[in-house]
Amino acid sequence: MLCLLLAYPARLFVLARRQGRSAQRVALAMSCVVLWFFMAMRAQTVGVDTKYYVCIYQQFPQISWKELFTAQLYPTPRRTWELDLEPGYRLLNKLLSIYLPAPQWITVANSALIIALLYRWLRRESPNAMLSIWLYLTLGVYQTEMNVARNAIAILLGYTAFHWIKERKLAPYFLQILMAVSFHKSAVVFLPLYWLVNRRWKYRHVLYCTMAAGILGAAYPVVAGGMESIAVGAFYALLVAFVLYKMTPEECKKLESKEPQGLFLTMAALSLYGLNLGLASAARMAALFGPYLIVLLPRMLEYINCPRRRAATIQWLAVAAGLQYVLRLLINNIGGTMPYQFFWAA
């Protein structure tokens, strides 16, 4: 089943390269349907938080509209602890529970919202959407989003709002980020990005900030981060460095001037992973910015003028990401998503 999930987008990637951009859009849509199916039809045991969201969903039919935003919510049947949820996510649960009370529907709905936002983001921002899909799978973003649906919705709402920054439209950007915050409060960090991402960031800023954060994290540890998250940050840095290595100085300068948003988000993610050497919670913040890599890397590749050099770089990048994914599966199951089970087999 996992082989099907990985091989199908890979086959579509080959098709899209041969047929052009219109075929890429069809391939992207088909891939997103496949991704949605496996995310939506999983058992409650697939993903750490899945069973909690399902348990909470079953409580909403008994919650009145008056108590919707204040009612206590319990993520386990024994009700031994509470989980506070943001108003937007509460409203989504309530509306669904009126017409679709079966527990599986919250997993279906969360998955549909995540994949719809992913499709919109990749179609608009990625010049090679099928490579982005491959990175989405192999860099573990897909499996991570099976564990933290609220975070995933909030992050993707934030990413799809970035085009308002390019158009310098503050009001719609803030409204969309506030919508993201209504699903997960961590999205509040996107608010100041309106004034930060379009500054003239350079490669040296990324390098210096990452090094400084790593030194600070190692020198003043509070609660040391796990080796897995540190390794993930190191691999992200390696992928960016590899693409830069394959570019000429002129191509790098053009990239630097045209992609300040990508440089800033890379700097933020790598700096937080560096800080994770001594602060475990920094990895959770890095997860807000790290997924942007699935769009940034294809955008970086577009600045390589030589078609043969660009194609070779894509191939090496895809192979490296795939091998890393297999290695991660051998080490752990990426947040309880393996072994995969359908909900009707649970």
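Worth saying up front: this structure is predicted, and the values here are computed from it rather than measured.

Rules used in this analysis
- Residues numbered from 1 in each chain as written.
- Predicted model: local features only at pLDDT ≥ 70, side-chain atom pairs only at ≥ 80, totals over all residues.
- Heavy atoms only, no water.
- Helix = DSSP H or I, 4+ residues; strand = E, 2+ residues; numbered from the N terminus.
- Rg over C-alpha atoms; globule rule 2.2 N^0.38 Å.
- Buried < 20%, exposed > 50% of the residue type's maximum accessible area, 1.4 Å probe, protein only.
- Contact = heavy atoms within 4.5 Å.
- Lys, Arg positive; Asp, Glu negative; His and termini not counted.
- Charge placed at Lys NZ, Arg CZ, Asp CG, Glu CD.
- Phe/Tyr/Trp six-rings, centres within 6.5 Å; stacked < 30°, edge-to-face > 60°.
- 1 Å grid on protein atoms, 1.4 Å probe; cavity = no way out; pocket = protein on both sides within 12 Å on 5 of 7 lines; lining within 4 Å.
- Points joined across faces, edges and corners; volume = space filled by probe spheres on them.
- Axes fitted to C-alpha atoms, helices over the stretch in contact; angles between N-to-C directions.
- Parallel < 35°, antiparallel > 145°, perpendicular 65-115°, else oblique.
- Left-handed = near helix turned anticlockwise from the far one by under 90°.
- Nonpolar A, V, L, I, M, F, W, Y, C, P; charged D, E, K, R; others polar.

A. Quick peek at the overall build of the protein chain. The helix and strand tally for the protein chain stands at 17 helices and 0 strands. On C-alpha atoms alone, the protein chain measures out to a radius of gyration of 20 Å, which is about the 20 Å that the 2.2 N^0.38 rule sets for 346 residues. Considered along the principal axes of its C-alpha atoms, the protein chain spans approximately 65 × 45 × 45 Å. Across the 346 residues in the protein chain, those meeting the buried criterion constitute 52%. Partitioning the contacts of the protein chain with sequence separation of at least 6, the portion at a separation of at least 24 is 77%. Within the protein chain, one finds 34 positive and 14 negative side-chain charges whose respective centroids are separated by 5 Å.

B. A look at the packing of aromatic side chains. For the structure shown, the criterion picks out 21 aromatic pairs. An angle of 70° between the planes, with centres 6.4 Å apart, marks the rings of Tyr89 and Phe183 as edge-to-face. On the criterion of sequence distance, the pair formed by Tyr89 in helix 4 (residues 87-99) and Phe183 in the loop between helix 10 (170-181) and helix 11 (203-219) is long-range, its members being 94 residues apart. Judged by centre distance (4.7 Å) and plane angle (35°), the ring pair of Trp121 and Tyr159 falls under tilted. A residue pair is termed long-range when its members are at least 10 positions apart, and Trp121 in helix 5 (residues 104-125) and Tyr159 in helix 8 (residues 149-160) qualify at 38 residues. Taken as a pair, Trp121 and Tyr159 share a single burial class, namely buried. Grouping aromatic residues by their ring pairs yields a cluster made of Trp121, Tyr159, Phe162, Phe190, Phe289 and Tyr292.

C. Main features of the layout of surface pockets. In this structure, the largest pocket encloses a volume near 940 Å³. Around the largest pocket sit 32 residues that line it, and Thr144, Val148, Ala283, Arg284 and Ala287 are the ones nearest its centre. Every element with two or more residues in the lining of the largest pocket is listed here: helix 7 (141-147), helix 8, helix 12 (227-245) and helix 15 (282-289). Broken down by element, the residue count for the lining of the largest pocket peaks at 5 residues, all from helix 15.

D. Structural context of the environment of Tyr159. For Tyr159, a relative accessible area of 2% translates into the label buried. Separated by 132 residues in sequence, Tyr159 and Pro291 have C-alpha atoms that sit 9.5 Å apart. Not counting residues within four places of it along the chain, the set of residues in contact with Tyr159 comprises Trp121, Phe190, Leu288, Phe289, Gly290, Pro291 and Tyr292.

E. Molecular detail of the packing of helix 6 (residues 129-138) against helix 16 (residues 293-301). In contact at an axis separation of 8 Å, helix 6 and helix 16 are set at 140° when each is read in the N-to-C sense. With respect to helix 16, the element helix 6 is oriented oblique. For the pair helix 6 and helix 16, the crossing hand works out as right-handed. Across from Leu131, Ser132, Leu135 and Tyr136 in helix 6, the residues of helix 16 making contact are Leu293, Ile294, Val295, Leu297, Pro298 and Leu301. For the contact of helix 6 with helix 16, the per-class residue count stands at 9 nonpolar, 1 polar and no charged.

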